[in-house]
Amino acid sequence: MRIASHARWIVLARAALALAFAFALVFLGTACTKTAACRPGTIFLTIGFEGAALDVPTVAITTTVAGISKTGTVSHKSGAAQLTVQIDLATYEAGQPYTVRATAGAFSDELTGEKLRASCTTSRLRLAPSGDAGVDVAGDAPADTDVASDAGIDVAADLSCGPSGHVCGSVCADNADPMTCGTRCAVCPLPTNADHATCDGTTCGFVCKSGHHACGATCADDKSSQSCGASCEACVPPTDGTATCDGTTCGGTCPSDGKLCAGTCIPVGDTCTFFCSVGTHDCNGLCASNTSLNSCGASACTGCATPANGAASCDGTACGATCKPGYRACTDATCVPVGGCCKSGDCVAPANALATCTAAHACGLTCNNGFHLCGGQCVDNKLPAHCGMSCSPCTPPVGGTATCDGQSCGGTCAADQQLCAGACIAATEPCMNECVAGSHDCAGQCLSNASVNSCGARCAPCAVPDDGIATCVNGVCGFTCAAGTKKCGALCIPQSRCCTTADCAAVADGTSTCSGNHLCGFSCATGFHACNGACADDHAPASCGVSCSACSPPQGGVATCDGQSCGASCPMGQKLCANVCIPDAQSCFGMCAMGKHDCGGLCLSDTSVNSCGARCAACPAVANATPTCAAGACGFQCSGGFKRCGGACIDSSLCCDDTECPGGLCSSGRCCPSGQTNCGGVCVDVTSDQNNCGACGAPCAGRCSAGVCCKSNEIACGGTCRDPATDGNNCGTCGKTCGGSAACSKGLCCPNGWGACGGVCYNINSDAKHCGASCSACLLGILCGNGKCAL
């Protein structure tokens, strides 16, 4: 076993030396019967050997993915009927077609027409003489057979699944997968009425079905009086009556000979003269406690939502959270892991960066202008060690020094030298060299076509978003996203956020939305409005108009709603009188009690959100908030996970104004360094960002200079692209004018007819040591005339 393991690391080391390979081959051997770690980005190739092929010493394996073919070699022990090779891909995308070919002397086999799987991918090949009647080891099992079931596969004893995985039996399991959450090797449990399981990488969770909400480890019914709306606290019944729930708000009902009066059932014929006591408020005829989770505050009639990893609390004014060990409460009534953030001020940023707090309550950072992220630090765009937006160093010319102008790599030579195809040569020596195959010329430097600093024919690094890793495949720039993030167009966004509305849960009677900051939301159809994360009917008495509280029925009648305001209906032959249905022939002398006002024959509470003050209509609805009524005036209280911003409630991870962004500015809800703009949830400098040049969503294939998309050899001067190497009005830099008869040559102002050679102006028409535009030196005794060497 140790021999096989040692062979694996020999091959690993060999692969590490071959950095240009797009994958690494790992020999797993046949000495033991352990099984392989099945993780995305890995191909497990099992090769069967028969007949004379049993004695081949080595096998060459060629893998082709995304048009790139790479070959590696592994050893084969004579007589071994099977070996398994692990191929680790540098670039990986589920569904990509791939081919694998094994060759050993005169024996070969190839697998085509296959595609990479979302987990690991398994393949089988067979090396045998043509027509050999031996056992077809490679062909007996289908290509998608789980590697874990194969006998004779040897995995190194120190199997490692990386920081986001753990070992479960014979495979690597994902820490964030509800099937194997945290360190589990079992599916997360689901309570009754749960829709699906969730996992934050450590702890199992769940999402309840529509009409239910989480209460501890259960999914409670929204319409149950034991867990009304979003609450986990039972409704308080009226005295001598029964508690009810309309799916949003607690209510009460009395026996047929009684009616509600300030939380008590009194005889139908009695006049209601009671009022709610101090510390309580009216909620549909009930006196609800200001400190109850079902009616927290001075006027709320809806329950506090239970936060994940904690329990709801109420201080008599607003909902809060009490968190379980390992978590702490934020002011938005959510629980975050200890070490997580509630706001950007909780985070500490490294030098040249602005701290941020994400929607997932994790600290992040955005680099200041002129800096970009590399290895958790903000590094200078102008340093050759990580030029432009790259994290790879510029290659210096032979005999010279690498340079960087903030966007592209370059090179410089000594004063008496010049650049020539990536090397420094004497200024008097003609430049006859050309860049070798696989590289191209960039201002005298030979840069690799395959480098992310100069991909294809580019002279500037590939653009990369926050949390992205640049790639260069077939001369085309691309990127992959870091763990915990996913691709969304030209961005990497957190896995928990949405890229399109398809990532958001469907909403009955509404449409899911995905905001510019990649947060799920919804809009309700005409005739519906938002209530507690769902769309409620404007015409239903339980949610009339824009309210989320039920209309109060009159004594002897039923509540109605016209789509805007609460009303009431009495049985035929009766009419409304001060909230009571009386015979049509009877005179109405009733008056509404103190604290109530008349609305079309109904006596409605001055403190109810359905009739605040002297209103007969509900208080205006605010998205992600609960309406309130205090001192006769409508207001609102933001739901858990949201905070107030002017007249709206926004996600608590977003900023409302600049005061919430120490050292930065608030741009469309995100804290950005001064001079940067929030583009789809990422702060960028639109004056230089290639994905957002001049404005969000405006890509630039060349150089983004001062917000203008120019060619790679140009800069923007006054809004127009100029070539600083030849432009006499912008020679070397914007605004530098070559006066008189001088001309601009390679960024230098030289006398008319002269040209720049190695940073110095020479008369290239007659100087035999610097003849012509190539600055070539004429051979001894040969003169330079009109820029050409001639006798």
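Each chain has its residues counted from 1, following the order in which its sequence is written. Under the rules for a predicted model, residues below a pLDDT of 70 receive no local features and side-chain atom pairs below 80 are neither given nor counted, while totals for whole chains, interfaces and linings still include all residues. Each side-chain value is derived from all of the structure's non-hydrogen atoms; neither hydrogens nor water enter the calculation.

### Remarks on the overall build of the chain
At step 1: On a plain count of helices and strands, the chain comes out with 1 helix and 66 strands.
At step 2: Note on areas: these come from Shrake-Rupley sampling with a 1.4 Å probe, and a residue is covered only by the protein chains present in the view. Carbon and sulfur atoms make up 56% of the accessible area of the chain, which amounts to about 36800 Å² in all. Runs of E in the DSSP output that reach at least two residues are strands. Runs of H or I that reach at least four are helices, and both are numbered from the N terminus.

### Thoughts on the state of the cysteines
At step 1: Criterion for a disulfide: a pair of cysteine sulfur atoms within 2.5 Å. This model, assessed by the stated rule, comprises 51 disulfides.
At step 2: At a sulfur-sulfur separation of 2.1 Å, the disulfide partner of Cys 208 is Cys 219. Between Cys 208 and Cys 219, the disulfide has an S-S torsion of -90° and is therefore left-handed. A residue pair is termed long-range when its members are at least 10 positions apart, and Cys 208 in strand 12 (residues 204–208) and Cys 219 in strand 14 (residues 218–221) qualify at 11 residues.
At step 3: Here the term buried applies to any residue with accessible area under 20% of the maximum for its type, exposed to any over 50%, and partly exposed to those in between, with areas from a 1.4 Å probe on protein chains only. On the accessibility criterion, Cys 208 (14% relative accessible area) is buried.
At step 4: Overall, the relative accessible area of 9% leaves Cys 219 in the buried class.
At step 5: A disulfide bridge connects Cys 435 with Cys 446, and the sulfur atoms are separated by 2.2 Å. Judged by the sign of its S-S torsion, about -85°, the cystine formed by Cys 435 and Cys 446 is left-handed. Taken together, the residues Cys 435 in the loop between strand 32 (423–426) and strand 33 (439–442) and Cys 446 in strand 34 (residues 445–448) connect sequence positions 11 residues apart.
At step 6: According to the relative accessible area criterion, Cys 435 is partly exposed, its value standing at 23%.
At step 7: Residue class for Cys 446 comes out partly exposed when judged on its relative accessible area of 21%.

### Things to note about the sheet that holds strand 6 (residues 97–104)
At step 1: For two strands to be treated as a pair, DSSP must find at least two bridges joining them. The strand order 4-3-6-7 describes an open sheet built from 4 strands, whose pairing is antiparallel. Each of the sheet's edge strands pairs with one partner strand only, and the pair in question is strand 4 (68–75) and strand 7 (107–115). For this sheet, the mean angle separating the axes of adjacent strands, direction not counted, is 15°.
At step 2: Pairing geometry for strand 6 and strand 7, over 7 bridges, is antiparallel. Residue Ala 104 lies in a different strand from strand 7, and its bridge partner there is Phe 107. Angles here are taken between N-to-C directions and fall from 0 to 180 degrees, while the axes themselves are lines fitted to C-alpha atoms, restricted in helices to the stretch in contact.

### Things to note about unusual backbone geometry
At step 1: Of note, Ala 333 is a non-glycine position whose phi angle comes to about 65°, a positive value.
At step 2: In this structure, Lys 746 takes a positive phi of about 55° despite not being glycine.
At step 3: Looking at the element boundaries, Lys 746 is found in the loop between strand 61 (743–745) and strand 62 (748–750).

### Some words on the nonpolar core
At step 1: Counting residues in each nonpolar core, the largest one holds 23 residues, and the members touching the most others are Ile 47, Phe 49, Val 59, Ile 61 and Leu 127.
At step 2: Among the secondary structure elements, those contributing two or more residues to this core are strand 2 (42–49), strand 3 (58–65), strand 5 (82–89), strand 6, strand 7 and strand 8 (121–127).
At step 3: The contact definition used throughout considers only heavy atoms, calling two residues in contact when any of these lie within 4.5 Å. Leaving out residues up to four positions away in the same chain, Val 59 has contacts with Ile 47, Phe 49, Gly 72, Thr 73, Val 74, His 76, Ala 102, Thr 103, Ala 104 and Leu 127.
At step 4: Among the nonpolar cores identified, the runner-up in size contains 7 residues, and Cys 488, Leu 491, Ile 493 and Val 684 belong to it. For this analysis, a nonpolar core means a set of buried residues of the types Ala, Val, Leu, Ile, Met, Phe, Trp, Tyr and Cys, connected via side-chain atoms within 4.5 Å.

### Considerations on the packing of aromatic side chains
At step 1: Each Phe, Tyr or Trp ring, with Trp reduced to its six-membered ring, pairs with another whose centre is within 6.5 Å; inter-plane angles below 30 degrees give stacked pairs, above 60 give edge-to-face pairs, and intermediate values give tilted ones. What the rule picks out here adds up to 0 aromatic pairs.
At step 2: By definition, being over a ring means that NZ of Lys or CZ of Arg is both within 6 Å of the ring centre and within 35 degrees of the ring normal. Positioned above the aromatic ring of Phe 479, the side-chain terminus of Lys 487 is 4.7 Å from the ring centre.

### Considerations on the environment of Ala 305
At step 1: Tracing the backbone through its elements, the reader meets Ala 305 in the loop between strand 20 (286–289) and strand 21 (310–314).
At step 2: Look at Ala 305 and you get partly exposed, because its relative accessible area is 45%.
At step 3: Each C-alpha atom, one on Ala 305 and one on Ser 639, is 7.8 Å from the other, the two residues being 334 residues apart in sequence.
At step 4: Each residue touching Ala 305, except ones within four places of it in the same chain, is listed here: Ala 230 and Ala 312.

### Concerning the side chain of Asn 290
At step 1: Structurally, Asn 290 can be placed in the loop between strand 20 and strand 21.
At step 2: In this structure Asn 290 touches Gly 279, Thr 280, His 281, Ser 295, Cys 296, Gly 297, Ala 298, Cys 314 and Gly 316, once residues within four positions along its chain are discounted.

### Comments concerning the pairing of strand 30 (residues 409–412)
At step 1: As defined by bridge partners, strand 29 (residues 401–404) adjoins strand 30 across 4 bridges and the pair is classed as antiparallel. Bridge assignment links Ala 402 to a residue of strand 30, and that residue is Gly 411.
At step 2: Hairpin connection between strand 29 and strand 30: a loop of 4 residues separates the two successive antiparallel strands, and Gly 406 in this loop has a positive phi of roughly 100°.

### Overview of the side chain of Lys 259
At step 1: Take Lys 259: it is sitting in strand 17 (residues 258–261).
At step 2: Overall, the relative accessible area of 12% leaves Lys 259 in the buried class.
At step 3: Counted as a polar contact is a pair of N or O atoms within 3.5 Å, where, for protein atoms, one must be capable of donating a hydrogen and the other of accepting one, and residues adjacent in sequence contribute only when both atoms are in side chains. A distance of 2.7 Å separates the side chain of Lys 259 from the side chain of Gln 555, its partner in a polar contact.
At step 4: If near-sequence neighbours (up to four positions away) are discounted, Lys 259 is found in contact with Cys 254, Thr 264, Cys 265, Ile 266, Pro 267, Val 268, Asp 270, Thr 271, Cys 272, Gln 555 and Val 580.

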